[in-house]
Protein chains: 2
Amino acid sequence: MTASYAPLQNDTFLRACLRQATSHTPVWLMRQAGRYLPEYCATRAKAGSFMGLATNVDYATEVTLQPLERYPLDAAILFSDILTVPDAMGLGLSFAMGEGPRFAKNVRDEAAVAALQVPDMAKLQYVFDAVTSIRKALNGRVPLIGFSGSPWTLACYMVEGQGSDDYRHVKTLMYARPDLMHRLLQVNADAVALYLNTQIDAGAQAVMVFDSWGGVLADGAFQQFSLAYTERVLSQLKRTGVDGQVVPRIVFTKGGGLWLQDMKALDCDVLGLDWTMNLGKARALVGGEVGEVRGASMSGMGKALQGNIDPNILFAPPAAIAAEVTRVLDSFGQPHTDITQSGPTQIFNLGHGISQYTPPEHVSALVEAVHSHSRAQRR
Amino acid sequence: MTASYAPLQNDTFLRACLRQATSHTPVWLMRQAGRYLPEYCATRAKAGSFMGLATNVDYATEVTLQPLERYPLDAAILFSDILTVPDAMGLGLSFAMGEGPRFAKNVRDEAAVAALQVPDMAKLQYVFDAVTSIRKALNGRVPLIGFSGSPWTLACYMVEGQGSDDYRHVKTLMYARPDLMHRLLQVNADAVALYLNTQIDAGAQAVMVFDSWGGVLADGAFQQFSLAYTERVLSQLKRTGVDGQVVPRIVFTKGGGLWLQDMKALDCDVLGLDWTMNLGKARALVGGEVGEVRGASMSGMGKALQGNIDPNILFAPPAAIAAEVTRVLDSFGQPHTDITQSGPTQIFNLGHGISQYTPPEHVSALVEAVHSHSRAQRR
């Protein structure tokens, strides 16, 4: 399948993902289309609910583009939720006003696990339609990132039925019945792979796996129950998109800094980091060398790094934001500048989603500081 | 000041804290006196409230000893709360039924920070009386651990006014007004040092600093706003207790695994770890060598390690608990066994407080597995 989309005008993000030299450090923000923007709240009010917003192609397109109108961001990300896949499995996702997500059914016993299947992608057509619509609306301005929750992160919500502060139920299943947990994670991994591949076919130019809850696992359990199934997803992903371009893969494990060396073996291009990890140390561990040549697989190769400023910096005055942006860029150090070689690169981002309480003008200060200081770094 | 307490019958915990060889790996559990025990709930019902329990010397003594009646634990820990110090500063601590702690006042502006002072220890006399009462009631059975929240962790609650999932207010103060945050942390550090020294005078045989929220900080901010003030506490602590014995110091930063090398410089004897950190890696980083001799200060010397099983393992059947205990003990590896030398040691614990939903009989399985497998390791 090929599609005719407008040529890309700003490929900085995609180049950095592939460890290619760029004139500045690209920046986008997790949850950049969100409640901190009054225009987002206005669209959501029209839609009536979060799922009303996410399932309507026009609304999803509108809110995805809103932050790009305000800020010179270097990438767009599909507006959707990480829990669309278990919803399509029949668990019944809803968002009560002012609360987090909740499933009508949870998955805690042998019968519930046995009933799980990779869902029919037709149930997720609204997502793929949104991807195509957004890609068209972007008109080549910046690349579009598709995404999914990781198999383990989806499992957390599926077993708990909602968010949790102790992950008691999902860990009870994992420790008491690892056989059931493995079966659940296999279904999730195959579903996530199909979901991301269908997003790629619909026009996504990069894909990101959000392992939001990998960091709650014990050392040992993380490798077995989260990392192995992220790898199972990656092993099934298409390498190129509808326009024949490489589709970079980003893996972000919140709280995963201790396991970076394990994550280096993932067949992905970019590792996302939260603010607890020093970027210079991460670069030394997994950032690779200049000139390291890509083979058929990314496994074990140097990774681009994405992150990792604390989103709470956005509550400080603009001068403090700029100073912290400088500190974070400098902690990564000078990105390589040889356009004939691959080498260490950073994609600037927050270490977690932007807070709904963020003053929108502070985001301008952050984006401006990333672009200006990262240009200065290269001079 | 000297006091006449019964001689210690089981010094395994204190020996392991000081990196001395022991016949088994000592074990105690964070929050071991707690709601998972029906006898605790009965005492709490008599007391009427959590603070009613914590401020009554007889009740506090009773609940501290309850887990020792059920399990052959190697240490007792004062029953109290980490927020007694800010309560004594006049912030008004309360615990609503089924909810976490809450302060009547919070500390978010220049005036509120300026008003803070190291509290009169007379306001905390109920804590010191409990320490003495518990020490007497223990009658030399096992050592008694005193404790406090870390300066940063206390600051989190003082600024937020309650628990938080994003630490928005405390981080706003930190990023926007670092001068105020430093002043707040100085007061906290001096208050915590005085509080722990008074516990030592009252009979505490080891002290632990709970940096429960250090792990929410960004790399860089952790060193500046948490670690530096933990060090300020340690630098003021007495080295010996009322009976002339060394009082080991334990520092536990939840989520602090990435900063272990920074923490090695702390003037403490033991570092606590949560379950995300591999104990073998931690031992290689900070566990020190056999024969490393202590100087006047612990700063930079090898540390004993405390931890680090996931408390959720206690929801699995006893056989799975025993298998995971074995895995955790083996991840640390063989403790040194030369009684003429110091060397790497472990104190077994959970990586966080025990859940209120834990079946009490599963704790028996855990303690039994620690004692039996750690004896087998030494054969």
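The rules we used
- Residues numbered from 1 in each chain as written.
- Chains lettered and ligands numbered in written order.
- Predicted model: local features only at pLDDT ≥ 70, side-chain atom pairs only at ≥ 80, totals over all residues.
- Helix = DSSP H or I, 4+ residues; strand = E, 2+ residues; numbered from the N terminus.
- Rg over C-alpha atoms; globule rule 2.2 N^0.38 Å.
- Buried ≥ 20, exposed ≤ 12 C-beta atoms within 10 Å, placed from the backbone.
- Contact = placed C-beta atoms within 7 Å.
- Nonpolar A, V, L, I, M, F, W, Y, C, P; charged D, E, K, R; others polar.
- Pairing = 2+ DSSP bridges.
- Right-handed = clockwise from strand over helix to strand, strands pointing away.
- Axes fitted to C-alpha atoms, helices over the stretch in contact; angles between N-to-C directions.
- Least-squares fit on C-alpha atoms with pLDDT ≥ 70 in both.
- Arc of directions from axis to C-beta.
- Core = buried A, V, L, I, M, F, W, Y, C linked by C-beta atoms within 7 Å.
- Parallel < 35°, antiparallel > 145°, perpendicular 65-115°, else oblique.
- Left-handed = near helix turned anticlockwise from the far one by under 90°.

Moving on, we come to the overall build of chain A. When helices and strands are tallied, chain A shows 15 helices and nine strands. Relative to the 2.2 N^0.38 estimate, which gives 21 Å for 379 residues, the radius of gyration of chain A is 20 Å and therefore close to what a compact globule would have. By its C-alpha atoms, chain A is 60 × 45 × 45 Å across when sized along the principal axes. Here chain A holds 379 residues, and the buried ones make up 54% of them. In chain A, 76% of the contacts between residues at least 6 apart in sequence involve partners at least 24 apart.

A few words on the interface of chain B and chain A. Contact with chain B, which involves 27 residues of that partner, is made by 27 residues of chain A. The set of elements that each furnish at least two residues to the side of chain B that touches chain A consists of helix H9 (168-176) and helix H14 (318-332) of chain B. Per-element tally for the side of chain B that touches chain A: the top contributor is H9(B), with five residues. Looking at the side of chain B that touches chain A residue by residue, the class counts come to 13 nonpolar, eight polar and six charged.

Another point: the environment of A:Val118. Residues and elements named next belong to chain A. Mapped onto the elements, Val118 comes out in the loop between helix H6 (110-114) and helix H7 (125-138). We classify Val118 as partly exposed; it has 18 C-beta atoms within 10 Å. Sequence separation of Val118 and Asp190 is 72 residues, and the distance between their C-alpha atoms is 6.7 Å. Those residues in contact with Val118 that sit more than four places away from it in its chain are Val187, Asp190, Ala191 and Leu194.

All names here are of chain A. By the criterion of burial, strand E6 (residues 249-253) is predominantly enclosed, with five of the five residues buried. What you see with E6 is no split at all: Arg249, Val251 and Thr253 on one side and Ile250 and Phe252 on the other are buried throughout. Summarising the sheet, strand E5 (residues 206-211) and E6 pair through five bridges and their orientation is parallel. When the bridges of E6 are listed, Val207 appears paired with Arg249. In terms of handedness, the path from E5 via helix H11 (residues 221-234) over to E6 forms a crossover that is right-handed. Here E6 pairs with strand E7 (residues 270-272) via three bridges, running parallel. Bridging across to E7, Phe252 finds its partner in Gly272.

The next thing to look at is the environment of A:Gln32. All names here are of chain A. Within the secondary structure, Gln32 is located in the loop between helix H1 (12-17) and helix H2 (38-47). Of the residues examined, Gln32 has 28 C-beta atoms within 10 Å and is grouped as buried. C-alpha of Gln32 to C-alpha of Val325: the two residues are 293 residues apart in sequence and 17 Å apart in space. Filtering out sequence-adjacent residues up to four positions away, Gln32 remains in contact with Pro67, Leu73, Ile77 and Ile354.

Residue and element names in this part refer to chain A. Reading across from one edge, E1-E4-E5-E6-E7-E8-E9 is the order of the seven strands in this open sheet, with parallel pairing throughout. Strand pairing shows two members of the sheet lacking a second neighbour, strand E1 (76-77) and strand E9 (346-350), which therefore form its edges. Sheet topology note: the strand E4 (residues 144-149)/E5 ladder contains five bridges and is parallel. Pairing of Phe147 across the sheet is with Met208, part of E5. Most of the contacts of H7 go to E4, to which it runs at about 155°, and overall it touches E1 and E4. Running at roughly 165° to strand E8 (residues 304-309), helix H13 (residues 279-286) makes contact with E7, E8 and E9 of the sheet.

Looking now at the relation of the copies chain B and chain A. You can overlay chain B on chain A at an RMSD of 0.0 Å; the transform is a turn of 180° with a shift of 0.0 Å along its axis. Viewed as a symmetry operation, the transformation between the two copies matches a two-fold axis. For chain B, the smallest separation between a C-alpha atom and the rotation axis is recorded for B:Leu258, amounting to 3.1 Å. Comparing interface residues between copies, 100% of those in chain B also lie at the interface in chain A; the contact surface is shared.

A word on helix H13 (residues 279-286) of chain B. Residue and element names in this part refer to chain B. Along H13, the residues classified as buried are Leu279, Ala282, Arg283 and Val286. The buried residues of H13 occupy an angular sector of 100° when the element is viewed end-on, so they sit on one face. Buried-residue contacts for H13 involve helix H12 (260-263), strand E7 (270-272), strand E8 (304-309), H14 and strand E9 (346-350). With its phi angle positive at about 75°, Gly288 sits one or two positions after the end of H13.

Attention now moves to the nonpolar core. Of all hydrophobic cores here, the largest spans 246 residues; its most connected members are A:Ile145 and B:Ile145. The contacts of B:Ile145, once residues within four sequence positions are left out, are B:Ala75, B:Ala76, B:Ile77, B:Leu78, B:Ala204, B:Ala206, B:Val207 and B:Met208.

Residue and element names in this part refer to chain B. Pairing is parallel in the open sheet, where seven strands are placed in the order E1-E4-E5-E6-E7-E8-E9. Among the strands making up the open sheet, the edge pair consists of strand E1 (76-77) and E9. Of the strands in this sheet, E1 and strand E4 (144-149) touch helix H7 (residues 125-138), which is tilted by about 155° from E4. Packed on one face of the sheet, helix H11 (residues 221-234) meets strand E5 (206-211) and strand E6 (249-253) and runs near 160° to E5.

Moving on to unusual backbone geometry. It is generally the case that most residues other than glycine have a negative phi and that most peptide bonds are trans. Of the consecutive residues A:Gly307 and A:Asn308, the connecting peptide bond is found in the cis state with omega at -5°. With respect to the helices and strands, A:Asn308 occurs in strand E8. Phi at A:Asn139 takes a positive value of approximately 55°, unusual for a residue other than glycine. For A:Asn139, a count of 10 C-beta atoms within 10 Å corresponds to the exposed category. Even without being a glycine, B:Arg31 presents a positive backbone phi close to 65°. Checked against the element boundaries, B:Arg31 lands in the loop between helix H1 (12-17) and helix H2 (38-47).

The subject of this paragraph is helix H4 (residues 57-70) of chain A. Two residues of an α-helix separated by three or four positions point the same way, owing to the 3.6 residues in each turn. Residues of H4(A) that are buried: A:Ala60, A:Thr61, A:Glu62, A:Val63, A:Thr64 and A:Pro67. Contacts made by the buried residues of H4(A) are with H2, helix H3 (50-54), E1 and H7 of chain A.

Moving on to the packing of H4(A) against H7(A). All names here are of chain A. Closest axis-to-axis distance for the H4/H7 pair is 9 Å, and the angle between their directions is 50°. Between H4 and H7, the angle is such that the two are oblique. Considering how the two elements wind past one another, H4 and H7 form a crossing that is right-handed. For the pair formed by H4 and H7, the contact residues are Val57, Ala60, Thr61, Thr64 and Leu65 on the first element and Tyr126, Asp129, Ala130, Ser133, Ile134 and Ala137 on the second. Residues that form the contact of H4 with H7 fall into these classes: seven nonpolar, three polar and one charged.

A word on the packing of helix H8 (residues 151-160) of chain B against helix H10 (residues 178-202) of chain B. Residue and element names in this part refer to chain B. Their axes nearest at 9 Å, the elements H8 and H10 cross at an angle of 120°. Classed by the angle they form, the pair H8 and H10 counts as oblique. Handedness of the crossing formed by H8 with H10: right-handed. Judged by residue contacts, Pro151, Trp152, Leu154 and Ala155 of H8 engage Leu184, Leu185, Asn188, Ala189 and Val192 from H10.

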